[in-house]
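Topology and contacts: notes
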Amino acid sequence: MSTSPETLRVALVQMRSGRGVAANIDSAAALIREAAQAGARYVQTPETTNIMELDRAVLFETLREEGEDTALAAFRDLARAHKIHLHLGSLALKVSEARAVNRGFLIAPDGEIAARYDKIHMFDVDLGNGESYRESTAYKPGDRAVMANVDGIPVGLSICYDLRFPALYRALAEGGAGVLTVPSAFTRPTGEAHWHVLTRARAIENGAYVLAAAQGGKHENGRETYGHSLVVDPWGRVIAEGGAEPGVILAELDMKEVAAARQRIPSLRHGRRFEVSENGHGGHLHLVEAPN
């Protein structure tokens, strides 16, 4: 049985994806090469690396199925060439004429696909400032949590809006993940309000590193994303952060910090399972421990 290394050099690629797939591939590839040349063994790109398109008709004219997707093929070659673990935060891919998936990929240093993760929670919101999103009209949600291996380190996969659902990260941490990933495209209003708080909370709750590559700035389709790609340590400290512009954010993970945080606050061992039931007095609810 292999043991986990003590340290891992990681890089987050912050992007401003547009409506053209080829241009997005070129932009991401240049930053991925920069990260690899800086010594990163693991490189993460943001959500929807390959395209940011709000027009449904144009989106489905552009999207391809996984086996025909030029972005995935190009990035597999890039991972192989640089011998890195390349985590594509997500690609928009067609699964039928009317449905797509928002799918993340972890590509191994040999270019093979080590893991796939389909975003579980769909971003269907009205932000109250004229911004409205209905991700579920185009995308099919995933239904499983996914954990992968990077140089012996268990890594939990998620995407953007998943960040607001802590049970997913607790399940990944209980499954052994010491690193949680949240490639994202947070809107500017929600990012300003919640991005740092939520990423730090997921790190603190689970005694895990959180790696969150982000889209940032005013996009070609008119959408504005928050940026501020983050690396948060298991004690909840931000140890690396991007701004609003595309670029590469580097950090060194010390996996001893995961064990240390979990020893100081052993909440993963103290967690209990509950079910909610009525107590029969005015419909108030109380928690009853569920059977194992």
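You'll find the structure just up there.
Bear in mind that the values here come from a model prediction, so they are computed numbers and not experimental data. (Residues numbered from 1 in each chain as written. Predicted model: local features only at pLDDT ≥ 70, side-chain atom pairs only at ≥ 80, totals over all residues. Heavy atoms only, no water.)

**Description of the environment of Pro109**
Which entries qualify depends on this criterion: Secondary structure elements follow DSSP: runs of H or I of four or more residues count as helices, runs of E of two or more count as strands, with numbering from the N terminus.
Structurally, Pro109 is set in the loop between strand 4 (100–107) and strand 5 (113–118). Here the alpha-carbon distance between Pro109 and Glu252, two residues 143 residues apart in the chain, equals 19 Å.

**Some points on the nonpolar core**
Where we set the bar: Working definition of a nonpolar core: buried Ala, Val, Leu, Ile, Met, Phe, Trp, Tyr and Cys residues. They are joined through side-chain atoms within 4.5 Å. Working definition: with a 1.4 Å probe on protein chains only, accessible area under 20% of the residue-type maximum means buried, over 50% means exposed, and in between means partly exposed. The contact rule is simple, with two residues in contact once any of their heavy atoms fall within 4.5 Å.
Within the largest apolar cluster, 44 residues are counted, with the highest numbers of intra-cluster contacts made by Val179, Trp195, Leu211 and Leu253. When residues in this core are grouped by element, the largest group, four residues, is from strand 11 (residues 209–212). The contact partners of Leu211, leaving out residues within four places of it in the chain, are Val10, Leu12, Tyr42, Gln44, Val179, Leu180, Thr181, Val182, Pro183, Leu230, Val231 and Leu253. If you look at the next biggest cluster of nonpolar residues, it comprises 36 residues, including Met15, Ile32, Ala71 and Val101.

**Here's the deal with helix 5 (residues 188–206)**
To keep it simple, the criterion reads: Any helix carries an expected span of 1.5 Å times its number of residues minus one. At any given residue, the bend is defined as the angle formed between two axes, one fitted to the seven residues that end at that position and one fitted to the seven that begin there.
With 19 residues, helix 5 should reach 27 Å at 1.5 Å per residue; the first-to-last C-alpha distance of 26 Å fits that figure. Maximal helix bending in helix 5 amounts to about 55°, located at His194. Taken together, the buried positions of helix 5 are occupied by Thr190, Gly191, Trp195, Leu198, Thr199, Arg202, Ala203 and Asn206. The positive-phi residue at the C-terminal boundary of helix 5 is Gly207, with phi of around 55°.

**So, the pattern of salt bridges**
Filter applied, for reference: Within this document, salt bridges are pairs made up of a side-chain nitrogen of Lys or Arg and a carboxyl oxygen of Asp or Glu, the two lying within 4 Å of each other.
Within the structure shown, the criterion is met by 18 salt bridges. A salt bridge links Arg19 to Glu53; the nearest nitrogen and oxygen atoms lie 2.6 Å apart. Note that Arg19 is positioned in the loop between strand 1 (7–14) and helix 1 (21–37) and Glu53 in the loop between strand 2 (42–44) and helix 2 (56–62), a separation of 34 residues in sequence. Residue classification places Arg19 among the partly exposed positions, given a relative accessible area of 36%. Residue class for Glu53 comes out buried when judged on its relative accessible area of 11%.

**Remarks on empty space enclosed by the protein**
Threshold: Using protein atoms alone on a 1 Å grid, points that fit a 1.4 Å probe yet trap it form a cavity, whereas open point sets bounded by protein on both sides within 12 Å along at least five of seven lines form a pocket; residues with an atom within 4 Å of a point count as lining. Grid points are joined across faces, edges and corners, and a volume is the space filled by probe spheres set on the points. Polar here means any residue outside two lists: the nonpolar Ala, Val, Leu, Ile, Met, Phe, Trp, Tyr, Cys and Pro, and the charged Asp, Glu, Lys and Arg; Gly therefore counts as polar.
Summed over the entire model, instances satisfying the criterion amount to one cavity of 30 Å³ or more. The computed volume of the largest cavity comes to approximately 40 Å³. Lining the largest cavity we find Asp233, Pro234, Trp235, Arg237, Glu257, Ala260, Ala261 and Arg264. Broken down by class, the residue content of the lining of the largest cavity amounts to four nonpolar, no polar and four charged.

**Topic: unusual backbone geometry**
Of note in the backbone geometry, Cys160 takes a positive phi value of approximately 45° without being a glycine. Assessed through its relative accessible area of 7%, Cys160 is described here as buried.

**Digging into the pairing of strand 8 (residues 146–150)**
Our working definition: Strand pairing is defined by DSSP finding a minimum of two bridges between the two strands.
Residues Val146, Ala148 and Val150 of strand 8 are buried on one face, while the alternating residues Met147 and Asn149, pointing to the opposite face, are not. With five bridges joining them, strand 8 and strand 9 (residues 153–157) adopt antiparallel strand pairing. Paired with Met147 across the bridge in strand 9 is Gly156. Taken together, strand 8 and the strand that follows it, strand 9, pair antiparallel across an intervening segment of two residues, in which Asp151 is found at a positive phi of about 50°.

**Points about helix 3 (residues 70–82)**
Helical periodicity: at 3.6 residues per turn, an α-helix aligns residues three or four positions apart in one direction. Where we set the bar: Regarding the arc, it is the one traced by the directions from the helix axis to the C-beta atoms.
Counted at 1.5 Å a residue, the expected span for helix 3 with its 13 residues is 18 Å, and the 19 Å between its end C-alpha atoms agrees. Along helix 3, the residues that are buried comprise Ala71, Leu72, Phe75, Leu78 and Ala79. Buried positions in helix 3, seen along its axis, are confined to an arc of 125° and lie on one side of it. Residues Thr70 and Ala81 are exposed on helix 3 and point more than 90 degrees away from its buried face. Against the buried residues of helix 3 lie helix 1, strand 3 (85–94), strand 4 and strand 5.

**Considerations on the sheet that holds strand 8**
Through backbone hydrogen bonds, the strands of a sheet pair up, either in parallel or in antiparallel fashion. Test applied: Between N-to-C directions, angles span 0 to 180 degrees; the directions come from axes that are lines fitted to C-alpha atoms, helices contributing only their stretch in contact.
The mixed open sheet is built from six strands, whose spatial order is 8-9-10-11-14-15. The strands lining the two open edges of the sheet, one partner per strand, are strand 8 and strand 15 (238–241). Neighbour-to-neighbour, the strand axes of this sheet turn through a mean angle of 20°, independent of strand direction. Where strand 10 (residues 179–181) and strand 11 come together, three bridges link them in parallel fashion. From the neighbouring strand, Leu180 faces strand 11, where its bridge partner is Val210.

Purely geometric stuff here, so don't read any function into it on its own.
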